[in-house]
Amino acid sequence: MNPYWTKGMCVEPSHHDGDEPWYEEALVPIAGRLFPPRFRINMWCAATEVEMCIAVTIEQGGFTEPQNAISVTGISSGVEKDRVRAAARKLALPLALATMPEDTFEQTSHGWKWVVVGWSPGSTDRDQIALLEELRRRCGQKWWSIYLPRIKKTAEIVWQAPADWSTQRVITKLVCPTTHVGRTQAYADMKAAREIGLLPSPSTA
């Protein structure tokens, strides 16, 4: 680890042999930010001297880790390692992603590349807190069991709505009663559907 990691949680890019094709993929939008579809990060906590390497995959707007994708060092107990992995998925990973600098990744003509050498989550502003909550949602199992199915249903309703109806009418008359959410959440679900390609963006619709 670099010497400037002195306290708290520290995050750095990670690269393993065999990951080279990952860098040829285009960045994808997630909650208003751009991320590679596959990447690795190292997370280290100075207080506990626990270090983790996490391989992250983005699918349908959600973050997943392939089997055995979180390696843990600094702990000998298998039970403790499992607890650390669970904590990483629930909070540490979303926090690391939400506090990434804006220029963490750069799109290139052949894919993408890391721009920063590392970062350390500190105090978060209002926008980062909102992003953190959204990324926690997208890193959790409920994204696949509750949120994504609802987003897909919203997209289906919008596609099948009468062509002469306004977006507001579709949301209030069709989406909200069917998906049992308020208008604010219905609009957010429609935005997410556009983000992951289930609906065309307004500029291309």
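Please refer to the structure higher up on the page.
What you see is a predicted model; the values in this text were computed from it and never measured.

What counts as what
Residues numbered from 1 in each chain as written. Predicted model: local features only at pLDDT ≥ 70, side-chain atom pairs only at ≥ 80, totals over all residues. Heavy atoms only, no water. Salt bridge = Lys/Arg side-chain N within 4 Å of Asp/Glu carboxyl O. Helix = DSSP H or I, 4+ residues; strand = E, 2+ residues; numbered from the N terminus. Buried < 20%, exposed > 50% of the residue type's maximum accessible area, 1.4 Å probe, protein only. Polar contact = N/O pair within 3.5 Å; in protein donor to acceptor, adjacent residues only side chain to side chain. Expected span 1.5 Å × (residues − 1). Contact = heavy atoms within 4.5 Å. Core = buried A, V, L, I, M, F, W, Y, C linked by side-chain atoms within 4.5 Å.

1. Overview of the pattern of salt bridges
Summed over all chains, the structure comprises ten salt bridges. In this structure, Arg33 and Glu102 form a salt bridge, with 3.7 Å as the shortest nitrogen-oxygen distance. With Arg33 in strand β3 (residues 33–35) and Glu102 in the loop between α1 (78–98) and β8 (105–108), the pair connects residues that are 69 residues apart, well separated along the chain. Here Lys153 and Glu156 are joined by a salt bridge, their closest N and O atoms 3.5 Å apart. Of this pair, Lys153 and Glu156 are both found in helix α3 (residues 142–160), three residues apart, which corresponds to roughly one turn of the helix. Under the relative-accessibility criterion, Lys153 is labelled partly exposed at 33%. Among the charged side chains, a salt-bridge network with shared partners connects Glu134, Arg137, Arg138 and Glu195.

2. Concerning the side chain of Thr99
Tracing the sequence through the fold places Thr99 in the loop between α1 and β8. Taking the relative accessible area as the measure of exposure, Thr99 reaches 11% and is therefore buried. One polar contact links the side chain of Thr99 to the main-chain carbonyl oxygen of Leu95, over a distance of 2.7 Å.

3. Structural notes on helix α5 (residues 183–195)
Residues spaced three or four apart along an α-helix face the same direction, because each turn holds 3.6 residues. Between its first and last C-alpha, α5 extends 18 Å over 13 residues, near the 18 Å set by a 1.5 Å rise per residue. Among all positions of α5, only Ala186, Asp189, Met190, Ala192, Ala193 and Glu195 are buried. Lining the buried residues of α5 we find β2 (28–30), α2 (126–139), α3 and α4 (167–179). With its phi angle positive at about 90 degrees, Gly197 sits one or two positions after the end of α5.

4. Observations concerning the nonpolar core
The nonpolar side chains of soluble globular proteins are, as a tendency, buried together. If you look at the biggest cluster of nonpolar residues, it comprises 35 residues, and the most contacted ones within it are Phe35, Phe39, Ile41, Met43, Ile54, Phe63 and Leu97. If you list the elements that add at least two residues to this core, you get β1 (9–14), β4 (38–45), β5 (50–59), β7 (70–73), α1, β9 (111–114) and α2. Per-element accounting of this core gives the leading share, seven residues, to α1. Once residues within four sequence positions are removed from consideration, Phe63 is found in contact with Ile30, Phe35, Val56, Thr57, Ile58, Leu97, Leu135, Arg138, Cys139 and Trp144. With 16 residues, the next largest nonpolar core counts Ile157, Val175, Val181 and Ala186 among its residues.

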